[in-house]
Amino acid sequence: MQPPEQRDEVEMLSLMLLIRRFEERASQQYQAQKIGGFCHLYIGQEAVVVGAVAATRPDDYLITAYRDHAHALARGTSADACMAELFGKATGCSRGLGGSMHYFDREHHMYGGHAIVAAHVPLATGMAFASKYRNEDRVTLCFFGDGAINQGSFHEALNLAALYKLPVIFICENNLFAMGTSVERSTSLKEIVDRAEGYDIPGFVVDGMNFREVRDKLAEVIASIRQDSHPAFFEIRTYRYRGHSMSDPASYRTKEQLEKYRMDDPITRLRAQLTREEKLTNEQFDQMDQAAKATALASVKFAEESEEPPLEKLYDYTYVNGEPA
Amino acid sequence: MREITYRQALNEALAEELERDANVFLMGEEVAQYNGAYKVSQGLLDRFGPTRIVDTPISENGFAGLGIGAAMVGLRPIIEFMTFSFSLVAFDQVVNNAPNMLTMSGGQFNIPITFRGPNGPAHQLGATHSHATECLYANVPGLKICTPATPRDAKGLLKTAIRDNDPVLVLEVELLYSSKGMVEDEDVELLIPLGEAEVKREGSDVTIICYAQTVPLALAAAETLENEEEISAEVLDLRSIKPLDMEAILNSVSKTHRVVIVEQDRPFCGVGAEVTYRIQKEMFDGLDAPILRVAQEDVPMPYNERLEIAVLPSAEKLIAAVKKVCYA
């Protein structure tokens with residue numbers, strides 16, 4: 001297992017590219033009506049989860065909300081399994097039974113994919129409770145949006161985590177909008193991070209368009225948690241380029257705002273940093289991007305050619321032994 | 001065998017399973033230092049320590065969810081609701097997270113959790129504290145539900161629930177915590193499978209189907225029917241609502257051909273509605289009378305004692321229903 005600070009930044013950039021190209025391909029396939037239900041894209045927010053993954057060990061627990069494709073990809077779930085899930089195929093990461101909002105991957109310690117806003121925040125607290133119960137030094141990373149911070153389950157979970165001193169990091173991916181409702185219209189506080197203070201949890205604000213800042217600040221806090229178990233809260237300021245979901249034209253925000261964030265693109269920024277430091281050439285970047293596009297395209301072919309979950313297994317996953325109720 | 005209380009039986013089940021498996025822990029309001037609101041967890045903190053017997057703030061949604069998360073990564077939580085009326089605060093966790101996880105994850109994450117506590121009307125607690133939640137939860141695929149009525153069933157079913165790999169609700173009865181009954185000695189491993197009903201009294205003229213707090217009521221009514229009406233009633237205790245033991249139900253009905261269901265929940269979409277449907281589907285021609293149900297009246301529970309009695313199922317109401325199906 002590599003210590004986090006030595007994980008290759010070029011590799012991390014390549015992961016951000018994969019996420020972006022995957023999401024673009026998902027968007028195209030959704031419009032082609034190959035994907036059902038809801039579909040929430042992560043484009044613009046890539047530095048958040050990739051920065052977090054760069055700061056953690058593969059056996060740390062990770063759990064997130066419904067904008068979850070990137071979290072699975074960042075954790076190591078294959079693009080094939082991710083795309084197949086969107087297509088509802090048996091080869092999907094949740095066997096086609098979860099869909100876009102319910103990705104799970106036990107092997108890669110990705111604990112979902114949860115679509116009731118903030119209902120997974122207590123689950124994260126429980127996962128961290130289990131780590132402490134077993135005297136492990138694992139950390140649980142719990143991602144959610146700015147829309148989650150006004151739910152009761154969020155508040156109850158933070159209180160419990162602080163009370164029991166659990167090794168969990170609550171990561172608010174503040175993309176400024178809960179669906180179409182801006183933070184100013186939803187939240188009485190001016191600064192989201194101040195929510196943490198109410199529970200005596202240390203809070204940090206990080207620029208979510210800056211991969212290195214996300215990784216380094218998280219790595220520092222994670223090291224402290226592994227030494228002495230406690231919760232922490234991160235407000236990571238980011239932006240989604242697309243609407244809330246595929247059906248949302250995002251008319252509640254201005255072109256100027258979107259352009260401002262696009263100019264500060266997390267992929268462009270990390271690329272520029274690496275190029276400046278002569279760790280990456282343009283040719284290398286182009287090759288990586290081509291590879292990401294090819295992986296995303298291949299995942300569509302894989303998903304198309306995969307089998308549907310069999311009808312005769314309909315009752316197999318309601319109870320562990322499939323017993324009738 | 002020895003005689004112990006329903007409360008003691010539950011306490012023994014908890015202690016034995018905590019002893020047996022280090023992954024088992026008990027969490028809830030007042031379970032540790034206070035020894036349980038109803039003293040079901042008496043002495044467990046002293047014996048197992050604060051890591052495994054965990055007091056919570058009044059935060060049902062939070063600690064129910066905490067339990068589910070801990071279950072996702074291998075622990076076997078027992079979550080106590082001080083009453084199942086308070087489980088409604090955690091409804092999203094109990095209904096949306098615990099039972100859905102196995103399906104949503106394509107079989108990767110089962111949730112071996114036990115939710116337990118008193119359920120159903122007690123005495124003059126008013127509308128908010130008197131909910132019989134079994135019919136709400138029985139509607140949810142992925143949950144299992146048992147409803148012990150005797151100390152023996154309480155111990156055997158709770159132990160089974162804790163070892164089960166799916167989410168199980170153990171719906172206890174507040175009014176029965178101090179009731180006594182014969183239970184196997186402590187050195188005997190008592191496990192009662194979920195989904196097995198039990199004939200609590202044999203009879204030949206009519207089947208009374210009951211569970212939880214309607215079991216003592218049904219037994220008392222059967223006694224009266226025998227003595228005063230010469231009607232021989234078979235009392236069948238479901239013990240589990242889900243899975244439902246249709247075999248035991250049909251066995252009894254094929255003998256008696258008449259059925260009254262006495263349930264502690266409300267009539268509309270209540271447990272008895274499902275049982276009635278299943279019986280008529282399987283043996284319409286085997287019935288000599290329409291199936292009758294005795295449930296609560298369909299109103300929020302009033303505080304006033306006389307009105308509360310009027311709302312609840314009673315031996316009188318049950319006897320009247322039995323006489324009706326027997327055309328007596």
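Residues numbered from 1 in each chain as written. Chains lettered and ligands numbered in written order. Predicted model: local features only at pLDDT ≥ 70, side-chain atom pairs only at ≥ 80, totals over all residues. Heavy atoms only, no water.

Draft legend 1. Highlighting the sheet that holds strand β13 (residues 259–262) of chain B. Residue and element names in this part refer to chain B. The strand order β9-β11-β10-β13-β14 describes an open sheet built from five strands, whose pairing is mixed. Bordering the open sheet on either side are β9 (198–201) and β14 (292–294), each of which pairs with just one other strand. Across this sheet, the average inter-strand angle for adjacent strands is 25°, counted without regard to direction. Pairing of strand β10 (residues 206–210) with strand β11 (residues 233–237), which is carried by five bridges, proceeds in the parallel orientation. In the strand pairing of β11, T207 is matched with E234. (Pairing = 2+ DSSP bridges. Helix = DSSP H or I, 4+ residues; strand = E, 2+ residues; numbered from the N terminus. Axes fitted to C-alpha atoms, helices over the stretch in contact; angles between N-to-C directions.)

Draft legend 2. Spotlight on the confidence of the model for chain A. For chain A, the average pLDDT comes to 95, and 97% of its residues sit at 70 or higher. Segment residues 1–5 of chain A is flagged for pLDDT under 50; beyond a separation of four residues in sequence, or across chains, it makes seven contacts in the model. (pLDDT = per-residue confidence, 0-100. Contact = heavy atoms within 4.5 Å.)

Draft legend 3. Representation of the confidence of the model for chain B. Residues of chain B with pLDDT of at least 70 account for 100%, and the chain-wide mean is 98. Predicted as a complex, the structure gets a pTM of 0.96 and an ipTM equal to 0.95.

Draft legend 4. Highlighting the pairing of strand β2 (residues 24–28) of chain B. Residues and elements named next belong to chain B. With five of its five residues buried, β2 lies for the most part within the structure. In terms of strand pairing, β2 meets strand β4 (residues 76–80) through five bridges, oriented parallel. For G28, the partnering residue across the bridge sits in β4 and is E80. Bridge analysis of β2 against strand β3 (residues 53–55) gives three bridges, and the strand direction is parallel. In the strand pairing of β3, L26 is matched with I53. (Buried < 20%, exposed > 50% of the residue type's maximum accessible area, 1.4 Å probe, protein only.)

Draft legend 5. A look at empty space enclosed by the protein. Across all of its chains, the model carries one cavity of 30 Å³ or more by this definition. Approximately 40 Å³ is the volume attributed to the largest cavity. Every residue along the wall of the largest cavity is listed here: T318 of chain A together with A98, P99, L102, N110, I111, G142, D166 and P167 of chain B. For the lining of the largest cavity, the class distribution of residues is five nonpolar, three polar and one charged. (1 Å grid on protein atoms, 1.4 Å probe; cavity = no way out; pocket = protein on both sides within 12 Å on 5 of 7 lines; lining within 4 Å. Points joined across faces, edges and corners; volume = space filled by probe spheres on them. Nonpolar A, V, L, I, M, F, W, Y, C, P; charged D, E, K, R; others polar.)

Draft legend 6. Spatial organisation of the nonpolar core. Ranked by internal contacts, the top residues of the largest apolar core, which has 118 residues, are F129, F144, F170 and F233 of chain A together with F115, I249 and I279 of chain B. If you tally residues by element for this core, the top one is helix α5 (residues 121–133) of chain A, at eight residues. (Core = buried A, V, L, I, M, F, W, Y, C linked by side-chain atoms within 4.5 Å.)

Draft legend 7. Molecular detail of the environment of F170 of chain A. Relative to the assigned elements, F170 of chain A resides in strand β4 (residues 168–174). Distance in space between the C-alpha atoms of F170 of chain A and A291 of chain A is 33 Å, their sequence separation being 121 residues.

Draft legend 8. Expanded view of the layout of surface pockets. Put simply, the largest pocket is a space of about 650 Å³. In terms of lining residues, the largest pocket is bounded by 27 residues, among which A138, N139, P141, K242 and R278 of chain B are the most central. Secondary-structure elements contributing two or more residues to the lining of the largest pocket are α6 (101–104), α7 (134–138), β12 (240–242) and α11 (271–283) of chain B. When its residues are assigned to classes, the lining of the largest pocket shows 16 nonpolar, seven polar and four charged. By volume, the second largest pocket is sized at about 400 Å³. As for the second largest pocket, its lining consists of 25 residues, and the residues nearest its centre are Y66, R67, V117, G145 and H244 of chain A.

Draft legend 9. Representation of the interface of chain A and chain B. Every contact between the two is made by 37 residues of chain A and, on the other side, 50 residues of chain B. Both faces considered, chain A and chain B share a buried interface measuring about 3500 Å² in area, 64% of it formed by carbon and sulfur atoms. Of all residues in chain A, R106, Y133 and Y319 of chain A bury the most surface against chain B, accounting for 19% of the area lost on that side. Where chain A packs against chain B, one counts zero salt bridges. At the boundary of chain A with chain B, the tally comes to 19 residue pairs in polar contact (both at pLDDT 80 or more). Counting only elements with at least two residues in the side of chain A that touches chain B, the list comes to β2 (110–113), α5 and α6 (152–163) of chain A. Residue classes in the side of chain A that touches chain B are distributed as 22 nonpolar, nine polar and six charged. (Buried area = accessible area lost by both parts, 1.4 Å probe. Salt bridge = Lys/Arg side-chain N within 4 Å of Asp/Glu carboxyl O. Polar contact = N/O pair within 3.5 Å; in protein donor to acceptor, adjacent residues only side chain to side chain.)

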